[in-house]
Amino acid sequence: SHAIILYLFDKYAKSEHQHFYPSDKRKRATINQRLFFDCGVLFPRLRSIMAPTYGGKLTEISKSMIRNVEDAYRMLEIYLSDTLYLADDVITLADISVMTTMSTLNGLHAKTYPKLKQWFNNMSQQEYCKRINEPGSKQHIYGLKTLMEHNKQKSKL
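So, how was this worked out
Residues numbered from 1 in each chain as written. Predicted model: local features only at pLDDT ≥ 70, side-chain atom pairs only at ≥ 80, totals over all residues. Heavy atoms only, no water. Helix = DSSP H or I, 4+ residues; strand = E, 2+ residues; numbered from the N terminus. Rg over C-alpha atoms; globule rule 2.2 N^0.38 Å. Buried < 20%, exposed > 50% of the residue type's maximum accessible area, 1.4 Å probe, protein only. Lys, Arg positive; Asp, Glu negative; His and termini not counted. Charge placed at Lys NZ, Arg CZ, Asp CG, Glu CD. Axes fitted to C-alpha atoms, helices over the stretch in contact; angles between N-to-C directions. Parallel < 35°, antiparallel > 145°, perpendicular 65-115°, else oblique. Left-handed = near helix turned anticlockwise from the far one by under 90°. Contact = heavy atoms within 4.5 Å. Nonpolar A, V, L, I, M, F, W, Y, C, P; charged D, E, K, R; others polar. pLDDT = per-residue confidence, 0-100. UniProt positions renumbered as here; feature names shortened; annotations may be inferred. Patch = residues over 30% accessible without salt bridge, like charges linked within 9 Å, V, L, I, M, F, W, Y side chains within 5 Å. Areas by Shrake-Rupley, 256 points an atom, 1.4 Å probe, with all protein chains shown as cover. Salt bridge = Lys/Arg side-chain N within 4 Å of Asp/Glu carboxyl O.

Draft legend 1. Broad picture of the overall build of the protein chain. Check the secondary structure of the protein chain and you find six helices and zero strands. Helices and strands in the protein chain line up, N terminus first, as α-α-α-α-α-α. Here the protein chain has a C-alpha radius of gyration of 17 Å; the compact-globule value for 157 residues is 15 Å, and the two agree. With respect to the principal axes defined by its C-alpha atoms, the protein chain has extents near 60 × 30 × 25 Å. For the protein chain, the residues scored as buried account for 38% of the 157 residues in total. Computed over 23 positive and 15 negative side-chain charges, the separation of the two mean positions in the protein chain equals 7 Å.

See the structure below:
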């Protein structure tokens, strides 16, 4: 999906969208690093919860899963130490991508990191997040929690 994001941006972005992925090489490198963090670190933390839940095995999030999620949250907090958003003081493709992962993770395990919480709240107010991301993430969270409860009940039989 990260390669698709970049392809779609290169193919269809208009001049008013350039702040999402500016041509400045240093800024692009930071955005790319955050995108790679999402696909290589953050999303695998979510996948480690999703896969066994969908497979009928996970009944609750383990302490090690929580530690791994919180390690990723700490890194995001560090990324937000110098900028309002993950790679710049404006929203970039990295923020949009990470928001999709964070929306589900935050619903499963919310932890208060002040800068991350503020970033999440700012992103949640964006019209495209309200309209596109929020409904799906709410369904995803509900589905995962429901499946965990189902798996728990099934394991008691």
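From this point, the narrative continues.
Draft legend 2. The packing of helix H2 (residues 25-54) against helix H6 (residues 127-156), seen in detail. Close contact between H2 and H6 brings their axes to 9 Å; oriented N to C, the two are set at 50°. On the basis of their axis angle, the class for H2 and H6 is oblique. Viewed along their axes, H2 and H6 form a crossing whose handedness is left-handed. Packed against H2, whose contacting residues are Ile49, Met50, Pro52, Thr53 and Tyr54, the element H6 presents His140, Leu144, Leu147, Met148 and Asn151 at the interface. In the contact of H2 with H6, the residues fall into seven nonpolar, three polar and no charged.

Draft legend 3. Structural context of the confidence of the model for the protein chain. Of all residues in the protein chain, 100% attain a pLDDT of 70 or more, and the chain-wide mean is 96. Helix H1 (residues 2-12) is the least confidently modelled element of the protein chain, averaging 94 in pLDDT, while H2 averages 98, the highest of any element.

Draft legend 4. How the structure looks around the environment of Asp95. Positionally, Asp95 belongs in helix H4 (residues 93-108). Relative accessible area serves as the criterion here: at 0%, Asp95 is assigned to the buried category. C-alpha separation for the pair Asp95 and Gln118, spaced 23 residues apart in sequence, amounts to 13 Å. Apart from the residues within four sequence positions on either side, Asp95 is in contact with Tyr85, Leu86, Val90, Trp119 and Met123.

Draft legend 5. Inspection of the UniProt feature "domain: GST C-terminal" (unreviewed entry) in the protein chain at higher detail. Cross-referencing UniProt, the feature "domain: GST C-terminal" (unreviewed entry) maps to residues 24-144 in the present numbering. Secondary structure over residues 24-144 splits into 76% helix and 0% strand, and the C-alpha atoms at its two ends are 40 Å apart.

Draft legend 6. Main features of a nonpolar patch on the surface. Residues Ile4, Tyr7, Leu8 and Tyr12 make up a contiguous nonpolar surface patch of about 460 Å² in total accessible area. As for its position among the elements, Tyr7 is in helix H1.

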